[in-house]
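The residues making up each chain are set out below.
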Amino acid sequence: MRSTGFRRTAVMLMASSLALAATACGSNDDDTADGKTRITVNCEPPKSAKVDRSFFDADIKAFEKANPDIDVVAHDAFPCQDPKTFDAKLAGGQMEDVFYTYFTDAKHVVDVNQAADITSYVKDLKSYSTIQQQLRDIYTVDGKIYGIPRTGYSMGLIYNKALFEKAGLDPDKPPTTWDELRADAKRIAALGKGTVGYADYSAQNQGGWHFTAELYSQGGNVVGEDGKKSTIDSPEGKAVLQNLKDMRWSDNSMGTKQLLVINDVQQMMGSGKLGMYLSAPDNIPILVKEKGGNYKDLALAPMPGGKGTLIGGDGYMFNKKATPEQIKAGLKWLEHMFLTPGDGFLGDYARAKQNDAPVGLPEPRLFTGAADAKDQEVKKANANVPVENYQAFLDGNQSLQMKIEPPQAQQIYSVLDGAVSAVLTKKDADIDQLLKDASGKIDSILARG
């Protein structure tokens, strides 16, 4: 699962209901008629996202000018990866030479033998060592490197400062524990007039995604270290469901409408009727541009619980048919587009600001050391959102364990949806039985591999 997308102008993309499938194929022919090395790449923004599209195409032209021996052929798509077609394209050998993946795809792509081993080539990628180690590790399988991270996100708590003030809460002191969150949600819901203290997803696999995030926040895990058995039937798993059940039925702080998905909750927050929900920072511009929210009212805190947070993100892998020349060219392209601090498609903050795109959100944060310092310096200089609203998130994340999504995530989330939706729609839901049943189903999914 991922959040809503990391493009700076993702609001334009999310407003569209397009699901454009790129007509793409990997290429064994790495040379054009004029002797250039040709690479196909994907995740070009669709024509409907005019600003993003213009940025992307302009950056490719600049790259080709600086590298006249390389020809880049981009394929547009939204979303960048369609789960309905991804495996079919993999199996059919139809992926681009350089293709987009979610973090959770990396091992699967390697397991089905569709990724090129780029270990011997990354030495020429000067920015590689500056990328956060935990993100690099995601694309490292059995000691070999198969991909390059592009963005990363971690989950936190979005909250409405205006509602906190109305409820007599300190808007600069968001809850740090689930007990505090429960108490704050109850006070916000007491404002009445349809105000909801806390909302959560419970359908379309999104409930399972948030269950996982909440479990991580309390120090639990969905799957054991060996990847073979479920570990949700635990004190931490029970605490997640019990907390949701108590807020829903004892406190009445979650509203009566349930089986919510991301769009429902965003609409509630944007309209000023919701106090808190779990999200990554990229939700904030969606709430403002599409849902009627205001940047000054929207703040971000770390995950309550203090133990951990779910991380996700994306990157690029290389078609196993790609030639050495194509791999080298692809790495150069990635460095130009995404891996140069303060520059490129995702990092040219001055260009983003000029085009009224939000600058100053606390993530994605890809780099470390001097590279991160430079990226943050340029971002700060061009910030056009209230960065002070996100400081608690930045500070709190320093002490949290960052955990990636479990294997077979979507199948597992589908199972966990049932447990989450049950406690939110059935007052007499048996939490112990729900966890036992879900655990057995997850074990079966893991056994099938």
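Everything here concerns the structure above.
The residue numbering used here restarts from 1 in each chain and proceeds along that chain's sequence as written. The model is predicted, so local features are restricted to residues of pLDDT at least 70 and side-chain atom pairs to those at 80 or more, both for listing and for counting; the totals for chains, interfaces and linings are taken over all residues. Note that the side-chain values use all heavy atoms of the structure and ignore hydrogens as well as water.

Visitor: Would you mind going over the overall build of the chain with me for this structure?
Guide: By definition, any uninterrupted DSSP run of H or I lasting at least four residues is a helix, any uninterrupted run of E lasting at least two residues is a strand, and each is numbered from the N terminus. The helix and strand inventory of the chain stands at 18 helices and 12 strands. Expected size for 449 residues packed as a compact globule is a radius of gyration near 22 Å; at 22 Å, the chain falls within 12% of this value. With a 1.4 Å probe rolled over the protein chains alone, any residue whose accessible area is under 20% of its type maximum counts as buried; one over 50% counts as exposed, and the rest are partly exposed. Burial status across the chain gives 59% buried among its 449 residues. Here, residues are in contact when the closest pair of their heavy atoms is within 4.5 Å. Here the analysis covers contacts within the chain between residues at least 6 apart in sequence; of these, 78% occur between residues at least 24 apart. The charge count includes Lys and Arg as positive and Asp and Glu as negative, but it does not include His or the ends of the chains. Positions of charges follow a simple convention, taking NZ of Lys, CZ of Arg, CG of Asp or CD of Glu. Charge-centre separation for the chain: the mean point of 52 positive side chains lies 3 Å from the mean point of 59 negative side chains. Radius of gyration here is computed from C-alpha atoms only, and the compact-globule reference equals 2.2 Å multiplied by the residue count raised to the power 0.38.

Visitor: Looking at this structure, I do not really get the environment of Gln81. What am I missing?
Guide: Counting through the fold element by element, Gln81 comes out in the loop between β2 (70–76) and α3 (83–91). Assessed through its relative accessible area of 5%, Gln81 is described here as buried. Residues Gln81 and Thr101, 20 residues apart in the sequence, show an inter-C-alpha distance of 6.8 Å. Gln81 has contacts with Phe86, Tyr100, Thr101, Tyr102 and Asp105, leaving out every residue within four places of it along the chain. Any pair of nitrogen or oxygen atoms within 3.5 Å is treated as a polar contact; in protein, a donor-acceptor pairing is required on top of that, and neighbouring residues in sequence qualify only through side-chain atoms on both sides. Among the polar contacts listed, one links the side chain of Gln81 to the backbone nitrogen of Tyr102, at a separation of 3.4 Å.

Visitor: Honestly, the pairing of β2 in this entry has me stumped. Any pointers?
Guide: The side chains of a regular strand alternate, first on one face of the sheet and then on the other. Only strands joined by at least two bridges in the DSSP assignment are considered to pair. Bridge count for strand β1 (residues 37–44) against β2 is seven bridges, and the pairing is parallel. When the bridges of β2 are listed, Ile39 appears paired with Val72. By convention, orient the strands away from the viewer: a clockwise path from the first strand over the helix to the second makes the crossover right-handed. Taking the sense of rotation as the criterion, the β-α-β connection linking β1, helix α2 (residues 50–66) and β2 turns out right-handed.

Visitor: Looking at this model, I keep getting lost on the packing of helix α9 (residues 235–250) against helix α18 (residues 431–448). Mind explaining?
Guide: Between two packed helices, both the angle of their axes relative to each other and the distance between the axes serve to describe the pair. Here an angle of 0 to 180 degrees is reported between the N-to-C directions of two axes, which are lines fitted to C-alpha atoms, with helices fitted over the stretch in contact. At a closest axis distance of 10 Å, the pairing of α9 and α18 adopts a crossing angle of 130°. In this view, α9 runs oblique relative to α18, as classed from their interaxial angle. You can see that α9 and α18 cross each other, and the crossing is right-handed. Contacts between α9 and α18 involve Gly237, Lys238, Leu241, Gln242 and Lys245 from the former and Ile431, Asp432 and Leu435 from the latter. For this scheme, ten residues count as nonpolar: Ala, Val, Leu, Ile, Met, Phe, Trp, Tyr, Cys and Pro. Four count as charged, namely Asp, Glu, Lys and Arg, and the remainder, Gly too, count as polar. Its residues assigned to classes, the contact of α9 with α18 comprises three nonpolar, two polar and three charged. Under this scheme an angle from 65 to 115 degrees is roughly perpendicular, one under 35 degrees roughly parallel, and one over 145 degrees roughly antiparallel; angles in between are oblique. For any helix crossing, the convention is left-handed if the near helix is rotated counterclockwise from the far helix by under a right angle, and right-handed if that rotation is clockwise.

Visitor: What is the right way to look at the packing of helix α17 (residues 409–425) against α18 in this model?
Guide: At a closest axis distance of 9 Å, the pairing of α17 and α18 adopts a crossing angle of 170°. When the axes of α17 and α18 are compared, the pair comes out roughly antiparallel. For the pair α17 and α18, contact is made by Gln411, Ile412, Val415, Leu416, Ala419, Ala422 and Val423 and by Ile431, Leu434, Ala438, Lys441, Ile442, Ile445, Leu446 and Arg448, respectively. Residues of the contact of α17 with α18, tallied by class, amount to 12 nonpolar, one polar and two charged.

Fair warning: the whole summary comes from geometry, so function is off the table for now.
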